[in-house]
Structure formats: C-alpha cells, structure tokens
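This is what each chain is made of:
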Amino acid sequence: MTDGLSDPAGRARLLGDIDPRHARAHHALLRTIFQAEMADRRAVGGGEYFENLYWCAFLLYLVGDPDDVPMMWQAKHIDFDTACGFDVQFLLGAGARQTLEYLEGRGHSDIARELRAYPELTEDLDEWESFRRGYFYDHGD
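Residues numbered from 1 in each chain as written. Predicted model: local features only at pLDDT ≥ 70, side-chain atom pairs only at ≥ 80, totals over all residues. Heavy atoms only, no water.

Colleague: Even after reading the chapter, I still don't get the packing of helix α2 (residues 27–44) against helix α4 (residues 69–76), so can you show me in this structure?
Modeller: When two helices pack together, their arrangement is given by the angle between the helix axes and the distance between those axes. α4 packs onto α2 with a crossing angle of 20 degrees between their chain directions and a minimal axis gap of 10 Å. Classified by the angle between their axes, α2 and α4 sit roughly parallel to one another. The two elements α2 and α4 cross, and the hand of that crossing is left-handed. Only Met71, Met72, Gln74 and Ala75 of α4 make contact with α2, whose side of the interface consists of Arg31, Phe34, Gln35, Met38 and Arg42. When the residues that make up the contact of α2 with α4 are grouped by side-chain class, the tally is five nonpolar, two polar and two charged. (Axes fitted to C-alpha atoms, helices over the stretch in contact; angles between N-to-C directions. Helix = DSSP H or I, 4+ residues; strand = E, 2+ residues; numbered from the N terminus. Parallel < 35°, antiparallel > 145°, perpendicular 65-115°, else oblique. Left-handed = near helix turned anticlockwise from the far one by under 90°. Contact = heavy atoms within 4.5 Å. Nonpolar A, V, L, I, M, F, W, Y, C, P; charged D, E, K, R; others polar.)

Structure, rendered in structure tokens:
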C-alpha cells in the first residue's frame, strides 16, 4: 500500500484507500504521508493537493495517539494558511485533557500551554468529527 508516497497525487490515492474506521491499522503509513505533506507544504506551498495535509491529519486524529501532536503542531505553524486552516481539533484525537497531560509529561509543556488558549479544547469534538468525516468521505456518490 506504500506505492505512491513520492508525489501528492499518489498520497491522495493512498489516503482514499484508508477506511477511516480502520485508520489505526495504518498509523505508521499515515505518519509517513503526513511528514511528506509537511515537506511539500514547506517546499512548494499548498498546490493542487493542499488538502492532503488536512485529510491525513483527520485520519491521525481518528488514530488518537498524542505522540503525533508535536508533529501536527509543527504542521499548524508551517505557513499562514496552515496557521488558519489546520483545525486545532486535529490534535485532540486522544481527548483534550489526555492530550494536555501527555504533552506536559513528555516535555512539551510549551505546546500544552499554547493549546490551552484555544476555545476548541472545551468544545464537544463529536460535531467537528462528524463535519470532517462528511467533508472527506461523504461525497454523495
């Protein structure tokens, strides 16, 4: 399933092949795709496949591993577009409290401190998750 990692179109196909209900089974691949998308964003900006970064972030959210949060935090700060468009909810797959505790306990208190300023930490994630799932997967096919 790793053919296609070298270009954004191939990574979009890989993301499309991942059933969101089984995202956890593809965690390592998702991390690899996410890092490639970050590198592309830094090198060429958004481009035609700019949403790959957000799509992969949604799948990582579904995995719910707070160990991914520092990498995702970096992605949120790549450029102006990601600062605005990369939803902070992507970082909360493990839950807000659990994520903050994890970050504090793993030497990322700087990220935890900044995350606490976001009002999204107190919101119910179910509505956001439903919106994102619909955005990426419910195309009326």
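Colleague: So what exactly am I meant to see when it comes to the nonpolar core here?
Modeller: Taken as a class, soluble globular proteins show a tendency for nonpolar side chains to be buried jointly. One finds Leu30, Phe34, Phe86, Phe90 and Leu115 to be the most contacted residues of the largest nonpolar core, which totals 40 residues. When residues of this core are traced back to their parent elements, those giving at least two are α1 (8–17), α2, α3 (51–63), α4, α6 (96–105), α7 (109–115) and α8 (125–137). At eleven residues, the largest contribution of residues to this core is made by α3. When near neighbours in sequence (up to four residues on either side) are disregarded, leucine 115 contacts Trp73, Val88, Leu91, Leu100, Leu103 and Leu121. (Core = buried A, V, L, I, M, F, W, Y, C linked by side-chain atoms within 4.5 Å. Buried < 20%, exposed > 50% of the residue type's maximum accessible area, 1.4 Å probe, protein only.)

Colleague: Is there a simple way to think about the packing of aromatic side chains in this case?
Modeller: In this description, an aromatic ring pair is defined by two values, namely the gap between the centres and the angle between the planes. Inspection of every chain in the model, using the stated rule, returns 14 aromatic pairs. Plain terms: the ring middles of tryptophan 55 and phenylalanine 136 are 6.1 Å apart, the flat faces sit at 5 degrees to each other, and that makes the pair stacked. Linking tryptophan 55 in helix α3 with phenylalanine 136 in helix α8, this pair joins segments that are 81 residues apart in sequence. Judged on exposure class, the residue tryptophan 55 and its partner phenylalanine 136 are both buried. Aromatic side chains phenylalanine 131 and tyrosine 135 sit 6.2 Å apart centroid to centroid with 35 degrees between the ring planes, which places their arrangement in the tilted category. A residue pair is termed a helical-turn pair when its members lie 3 or 4 positions apart in one helix, as phenylalanine 131 and tyrosine 135 do in helix α8 at four residues. By relative accessible area, which is 35% here, tyrosine 135 ends up partly exposed. Directly above the ring of tyrosine 135 sits arginine 132, whose terminal nitrogen or CZ lies 5.6 Å from the centroid. (Phe/Tyr/Trp six-rings, centres within 6.5 Å; stacked < 30°, edge-to-face > 60°. Lys NZ or Arg CZ within 6 Å of the ring centre and 35° of its normal.)

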